[in-house]
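Structure assessment
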Amino acid sequence: MNQETLLNSKTKFENHYSENESVFSDKIPPTKIITAVSKPKSFCIGMVDIVDSTKTVDQLSSDEVPKYYEIFLNNMAKVVYSNNGDILKIMGDSLLFYFRDTCNPENTRFLDAMECGFSMINMHDKLNNILERYMLPLIDFRISFDYGNVTVMKTKNGLIDLVGPTINTCAKINTLAARNNMVIGRTVYERIKTFDQFIFKRIGDFEVRSTHSYPIYVISRKWTN
């Protein structure tokens, strides 16, 4: 998988909405550069973020930096695609992705997202073996998931993006995850808490406002003999 593949995913995302007349409107007022083109829709959003990448990248040469990011981003993107997810965008040293089938509130749709997270964790050793072959620093990462409303935005030149508090929350709770582990927000927990293959542990709250807290959970597999 290469950068072209990631760009094709972005095109796929844009086409998915542009072909849906109930979601899209091509009539953008000329005075607006960016406009909302749909009512909010609910999706499960995921983020995988490199730990301490700024310090690491600062020690790399100009030739090593792109290789370092390519190895990380492409291996994580493969995991997303193999679990029926789609790449949304690259944000600095993190990959943001989503699961379009979770717009259907049927709880089993969230299994793909959770399996994606576990597969990323299982990818850690393989990822570092690849980095070692190129004599690049090893990587640790954190994974987070949240669920809720996002809005499709479109720029004057046709670029598509998702924005909203769900994406912001997913990014902010990411720092609560342990290295090479994942956390989920309450809205994801409420949809999968009855699944007996998982163990959940509440690790704290994310302060949305001074009067409102949002529970965060670590999720792990329940192994059986």
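In what follows, the structure referred to is the one given above.
Here the structure is a predicted model, which is why all the values come from computation and not from measurement.

A few words now on the side chain of asparagine 75. If you trace the backbone, asparagine 75 turns up in helix 3 (residues 64-82). Residues in contact with asparagine 75, not counting those within four places in the same chain, are Glu70, Met123, Leu127 and Ile130.

A few words now on helix 5 (residues 165-173). Considered for burial, the residues of helix 5 that qualify are Thr166, Ile167, Thr169, Cys170 and Ile173. The buried residues of helix 5 occupy one face: seen down the axis, they fall within an arc of 165°. Exposed residues on helix 5 whose side chains face more than 90 degrees from its buried face are Pro165 and Lys172.

The subject of this paragraph is the pattern of salt bridges. Following the criterion strictly, the structure yields eight salt bridges and no others. Of the charged contacts in the structure, one is a salt bridge between arginine 100 and aspartate 86, with a shortest N-O distance of 3.0 Å. Taken as a pair, arginine 100 in the loop between strand 4 (94-99) and helix 4 (110-133) and aspartate 86 in strand 3 (residues 86-91) lie far apart in primary sequence, 14 residues in all. Here arginine 100 matches aspartate 86 in class, with each residue buried. For aspartate 161, the salt bridge identified is with lysine 89, shortest N-O distance 2.9 Å. Separated by 72 residues along the polypeptide, aspartate 161 in strand 6 (residues 160-163) and lysine 89 in strand 3 bring together distant segments of the chain.

Once that is clear, we can look at the nonpolar core. Core analysis: the largest hydrophobic core is formed by 42 residues, its most contacted members being Met120 and Phe145. Breaking this core down by element, the ones donating at least two residues are strand 2 (41-50), helix 3, strand 4, helix 4, strand 5 (141-155), strand 7 (181-185), helix 6 (186-192) and strand 9 (212-221). The leading source of residues in this core is helix 4, at ten residues. The next biggest cluster of nonpolar side chains, apart from the first, holds 13 residues, and it includes Phe43, Leu88, Leu96 and Leu162.

Attention shifts here to the environment of isoleucine 90. Within the secondary structure, isoleucine 90 is located in strand 3. Each C-alpha atom of the pair isoleucine 90 and methionine 47 lies 9.6 Å from the other, and the pair is 43 residues apart in sequence.

Moving on, we get to the pairing of strand 2. Counting buried positions over the ten residues of strand 2 gives nine, a clear majority of the element. Here strand 2 pairs with strand 5 via ten bridges, running antiparallel. Along strand 5, the bridge assignment pairs cysteine 44 with tyrosine 147. Here strand 2 pairs with strand 4 via six bridges, running antiparallel. Note on strand 4: the bridge partner recorded for isoleucine 45 is tyrosine 98.

Rules of the game
Residues numbered from 1 in each chain as written. Predicted model: local features only at pLDDT ≥ 70, side-chain atom pairs only at ≥ 80, totals over all residues. Heavy atoms only, no water. Helix = DSSP H or I, 4+ residues; strand = E, 2+ residues; numbered from the N terminus. Contact = heavy atoms within 4.5 Å. Buried < 20%, exposed > 50% of the residue type's maximum accessible area, 1.4 Å probe, protein only. Arc of directions from axis to C-beta. Salt bridge = Lys/Arg side-chain N within 4 Å of Asp/Glu carboxyl O. Core = buried A, V, L, I, M, F, W, Y, C linked by side-chain atoms within 4.5 Å. Pairing = 2+ DSSP bridges.

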